[in-house]
Amino acid sequence: MSKQIRTLLIAGVAVLVLVALLLGLLFLLPSGEEEEESSSSSDTSITLLDKSTDENGDTISDPVSQAVFSQGGASYTIAPDEEGEMRVAGFDDLPVSTSAVSAMANNFATITATRKVADTSENEADFGLDEPQATAEITYADGTVVTAELGDETPLEDGYYFRLSTDEAIYIVSTSLGSRMLDKAEAYVGTSLIVAPSTREDDENGQAVVYGMDLSGTVRASKPFSVRVYEEGDPSSLSSFGYVIDSPSMAGVSQNEDVQSLFSSATSLSATDTEKAHPTSEDLAEYGLDNPYSVCELTLAIQSSSTDEDDNTVIIYYNKTEHTIRLGNKNDDGYYYALIDDYDAVFLVSASSVPWAEAQYADVVNTFLFSNNIVDVASISLTADGEETTFELEHFPDAESNDEKLTVTVDGTVYPTSDFRSLYQVFMQVERYGETDETPAGDPDVVFTVNLSDDSTPDVVARFYKQSASVYICAIEGGDTYTVKASDVENMLTQVQRYLNGEEVDN
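Figured I'd write up the structure that's included with this text. Bear in mind the structure is a predicted one, so any value in this text is a computation, not a measurement.

**Remarks on the packing of aromatic side chains**
Within this structure, the stated rule accounts for 17 aromatic pairs. The interplanar angle of 55° and the centroid separation of 5.9 Å between the aromatic rings of Phe-69 and Phe-108 together place this pair among those described as tilted. In this pair, Phe-69 is assigned in strand E2 (residues 64–71) and Phe-108 in helix H3 (residues 98–109), connecting sequence segments 39 residues apart. In this pair, the class of Phe-69 matches that of Phe-108, namely buried. With centroids separated by 6.2 Å and ring planes inclined at 50°, the aromatic side chains of Tyr-76 and Tyr-188 adopt a geometry described as tilted. Note that Tyr-76 is positioned in strand E3 (residues 74–80) and Tyr-188 in the loop between helix H4 (175–182) and strand E11 (192–194), a separation of 112 residues in sequence.

**Focus: a negative patch on the surface**
On the surface, Glu-82, Glu-83, Asp-92, Asp-93 and Asp-344 cluster together into a patch of negative charge. If you trace the backbone, Glu-82 turns up in the loop between E3 and strand E4 (86–88).

**Structural notes on the environment of Asn-319**
As for its placement among the helices and strands, Asn-319 is situated in strand E19 (residues 313–330). When its relative accessible area of 35% is taken as the criterion, Asn-319 is described as partly exposed. C-alpha separation for the pair Asn-319 and Asn-372, spaced 53 residues apart in sequence, amounts to 32 Å. Non-local contacts of Asn-319, meaning those with residues more than four positions away in its chain, are made with Pro-197, Ser-198, Leu-300, Ala-301 and Ile-302. In terms of polar contacts, Asn-319 uses its side chain to reach the backbone carbonyl oxygen of Ser-198, at 2.7 Å.

**Quick word on empty space enclosed by the protein**
One pass over the full model with this rule turns up one cavity of 30 Å³ or more. Looking at the largest cavity, the residues that line it are Ile-194, Ala-266, Ser-268, Leu-269, Leu-298, Ile-325, Ser-353, Val-354 and Trp-356. Of the residues that constitute the lining of the largest cavity, the class distribution is seven nonpolar, two polar and no charged.

**Quick notes on the sheet that holds strand E8 (residues 145–153)**
What the eight strands build is an open sheet, ordered E4-E3-E2-E7-E8-E9-E10-E6; its pairing is antiparallel. Since the sheet does not close on itself, it has two edges, and those belong to E4 and strand E6 (115–118), each with one partner. For this sheet the average axis-to-axis angle between neighbouring strands, irrespective of direction, equals 25°. Taken together, the six bridges between E2 and strand E7 (residues 134–140) define a ladder with antiparallel strand orientation. Across the sheet, Val-68 pairs through a bridge with Glu-137, a residue of E7. Across the sheet, H3 touches E2, E3, E4, E7 and E8, and the angle it forms with E2 is around 90°.

**With respect to the sheet that holds strand E12 (residues 207–216)**
One open sheet holds the nine strands; their spatial order is E15-E14-E13-E12-E18-E19-E20-E21-E17, and the pairing between them is antiparallel. Unpaired on one side and paired on the other, strand E15 (251–252) and strand E17 (273–277) mark the two borders of the sheet. Strand direction decides the pairing type here: E19 and strand E20 (residues 336–340), joined by four bridges, are antiparallel. Residue Ile-325 lies in a different strand from E20, and its bridge partner there is Ile-340. Contacting E12, strand E13 (225–229) and strand E14 (243–247), helix H5 (residues 257–264) runs over the sheet at an angle of about 105° to E12.

Reading guide: rules and limits
- Residues numbered from 1 in each chain as written.
- Predicted model: local features only at pLDDT ≥ 70, side-chain atom pairs only at ≥ 80, totals over all residues.
- Heavy atoms only, no water.
- Phe/Tyr/Trp six-rings, centres within 6.5 Å; stacked < 30°, edge-to-face > 60°.
- Helix = DSSP H or I, 4+ residues; strand = E, 2+ residues; numbered from the N terminus.
- Buried < 20%, exposed > 50% of the residue type's maximum accessible area, 1.4 Å probe, protein only.
- Patch = residues over 30% accessible without salt bridge, like charges linked within 9 Å, V, L, I, M, F, W, Y side chains within 5 Å.
- Areas by Shrake-Rupley, 256 points an atom, 1.4 Å probe, with all protein chains shown as cover.
- Salt bridge = Lys/Arg side-chain N within 4 Å of Asp/Glu carboxyl O.
- Lys, Arg positive; Asp, Glu negative; His and termini not counted.
- Charge placed at Lys NZ, Arg CZ, Asp CG, Glu CD.
- Contact = heavy atoms within 4.5 Å.
- Polar contact = N/O pair within 3.5 Å; in protein donor to acceptor, adjacent residues only side chain to side chain.
- 1 Å grid on protein atoms, 1.4 Å probe; cavity = no way out; pocket = protein on both sides within 12 Å on 5 of 7 lines; lining within 4 Å.
- Points joined across faces, edges and corners; volume = space filled by probe spheres on them.
- Nonpolar A, V, L, I, M, F, W, Y, C, P; charged D, E, K, R; others polar.
- Pairing = 2+ DSSP bridges.
- Axes fitted to C-alpha atoms, helices over the stretch in contact; angles between N-to-C directions.

Next up, the structure:
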C-alpha cells in the first residue's frame, strides 16, 4: 500500500471518530425541555406560613398586628400606638422607621424556608434550637399567634436554622429573616433627623441654604466661631463673600471649594443607625457625649429674592429652622456617636454627612491680610524701621481709564497708578500662615494700616512682630492673632521700596 493511500485511510478514520463523538454528545445532552425542568426543580422554597391573604384570597393590608421579639434576656414589642402607627412600645418620643416596620411585617406575613433539615426536633441542640438566639411571637390580623425560633447560623452562613410553633420540623430560612429576628429595638427608630425647610408655594426661586453655624466643642476649645450669610449692614469690605465669620470677629469666609462644601451639604442630615434609645448619663459618657467633641448649632433657611420699589433685586431669607448636633467619639468603623436636637437617642452619623465636624477657624477664614476694594480706600500707611510711608489715594470714578480713576501720592509726589494696583495685591497677599497662642509684647516691627473712606467702617490695622527668622506674629486690631511667613512681610517691604524707586512691582 502506498504511503499516500495509507494517509488518506487514517484521515478518513479520524473523521468518522469525530462524527461519532459529536453524535454521542448530541444524544447525551439534555433537551431544552429537560434543562427547563431541571431549573424549575432547583427551586426548593417551602412556604411554612402565609397570612398575607384572607380566607377569600384577598390581600390583607396589615397582616401583622403585633410582634414581640426576644434575644437573650432582652425583649421589645412592636404594636400600634394611640394613633394606630406601628412602632416599638416605649419609643413614642422617637421617630419611627416606617420602612423597617413594613419590612418586618413582610418578613412574617409569608414565612418561607429554603429547605427542611429535620422532620422532628429530637436533635434540636444540634441546630441551636435548645436555646434559640432569638424568638418572635407574632400576632396576626386574624387573631392567630405564632412563635418563631431562630437557631444557629448554618456552617456555610447562607441561612439560619428555624422552627415554628405550628411545626416540629426544623428548617433553614434566609439570612434576611434571621437578621430581622436579631435586630435590636433601635432598628425601628427613624433616622431622617434634619430636613430642609419648605419653600412657599408661590416662590419659584427659593432654595434651602445654611443660614448660619455656631461651631464649638472640645475640638475648638481654644477658638469656637460662628459663620453666617452676608447681609445688608455688614462691612462693605465683606460684600464679595457669600458667608462671613461674625465671631470672634468679623471676617470673610474662604472661597475654597472644600470650605464652601461645609455649607452646601448641611441642609439635611440622616443617621446611618440608631445606637441607643433613651441613653443614661453613663451611656453618654461612654459615647463621649457628656462633653461633646464637636457641636454645631445650625440655622437653615429658604433663600429667595424679591424686587424693591426701585427695581433692585433683594435677597431675602424665610422659614428659618434651628437644629443642634452634638458629636462624641467615633466607633470602630469611623462613625460619630451623635445627639441631634431633642431626640432622646444616640445615633451614628458618617463623617461625610457632617463635614464641619473637624473644621477650625483657621480652615474657614479668608487668609488674605484684608479684602477691601481699593475704591473704598483713602490711604495706606506702612511703618518699618521707625519710618512711616503713607500712600494717599484719590479716586475719580467717572474717569474713562483705570489709571485715570486713581491718583497715588506720597509726600506730595504722584506715583504710577498701574504699579500701585500691583503693590495693593502684594499687601493683600500677606497671608495667614498658622495659629498661635502667643500674645505679642513690645513695639511691633512693622505696622500696616488701611484707612477707609467710609468712617462707619473700621480701618484695618495689622501689627507684625518678628518671632523668628521665618515667622512673624500678626495681630489684627479688633480681630485675631496668627502667624505669617517672614518672606511675605519682607517681600511687602521690598516691593514698597521698588515702587518708591520707580521700579516695576513683582506681585
